[in-house]
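What follows is each chain in one-letter form.
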Amino acid sequence: MSTVTATWDRGATSVPVRGLTVLYDVRCALCAHVRDWLVRQPKLVPLDLVPAGSEEARRRHPGLDHAATLVEVTVVGDSGQVYQGARAWIVVLWALREHRPLAHRLSTPAGARLARGAVLAAAKWRGAQWGGQAYGRADGWSYDPRAGWTHNPPTCSGGACASG
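Quick summary incoming for the structure in this document. (Residues numbered from 1 in each chain as written. Predicted model: local features only at pLDDT ≥ 70, side-chain atom pairs only at ≥ 80, totals over all residues. Heavy atoms only, no water.)

Within the element layout of this structure, serine 107 appears in the loop between α5 (100-106) and α6 (109-129). Distance in space between the C-alpha atoms of serine 107 and tryptophan 94 is 9.7 Å, their sequence separation being 13 residues. Of the polar contacts made by the side chain of serine 107, one reaches the backbone oxygen of histidine 104; its length is 2.7 Å. (Helix = DSSP H or I, 4+ residues; strand = E, 2+ residues; numbered from the N terminus. Polar contact = N/O pair within 3.5 Å; in protein donor to acceptor, adjacent residues only side chain to side chain.)

This part takes up helix α1 (residues 29-40). Its twelve residues give α1 an end-to-end C-alpha distance of 17 Å, which sits within 8% of 16 Å, the value for a rise of 1.5 Å per residue. What α1 keeps buried is the set Cys31, Val34 and Leu38. Buried residues along α1 cover an arc of 65° about the axis, so they all sit on one side. In α1, the exposed residues that point more than 90 degrees away from the buried face are Ala29, His33 and Arg40. (Expected span 1.5 Å × (residues − 1). Buried < 20%, exposed > 50% of the residue type's maximum accessible area, 1.4 Å probe, protein only. Arc of directions from axis to C-beta.)

Here the focus is helix α4 (residues 86-95). Counting buried positions along α4 yields seven of ten residues, so the element is predominantly enclosed. If you check which residues of α4 are buried, you get Ala86, Ala88, Ile90, Val91, Val92, Leu93 and Ala95.

Moving on to the side chain of serine 54. One can find serine 54 in the loop between β2 (47-51) and α2 (55-60). Given the relative accessible area of 17%, serine 54 is considered buried. Of note is the side chain of serine 54, whose polar atom sits 2.7 Å from the backbone oxygen of proline 51.

Read these as spatial facts, not as claims about activity.
Have a look at this one:
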């Protein structure tokens, strides 16, 4: 469980955001496409794009539930704010010069429902790219659309692990 919690309403207006880290799944074609799109956008707030679940992400944000960041888009503010799902996308849009007005519209109750629907549609598309089948990662994490994320650490059979 994460020791860092989502903080959409914990005084975000009193804590300036000078930078955001966007955690994205490098194995997801949609995620990679959005990452490339974000790189090209003019920004009002710098975005640092880091692969979710990577050693870099773990080093920077040791209190996060890194398995969850592979399931739900996660954005971390430079003051420790954590945003997930639709709220994460609203914050990312807020950081972009040409999309800040849209972020303000999506931050309303009606807009938040629209943003959540867009995130759910993207998640459904993402799942369809894997043919509704489970897929695994070299670090032992695997995703099954029916069961979600599970972790089975790699074994050291055959002397594959370094002794320490």
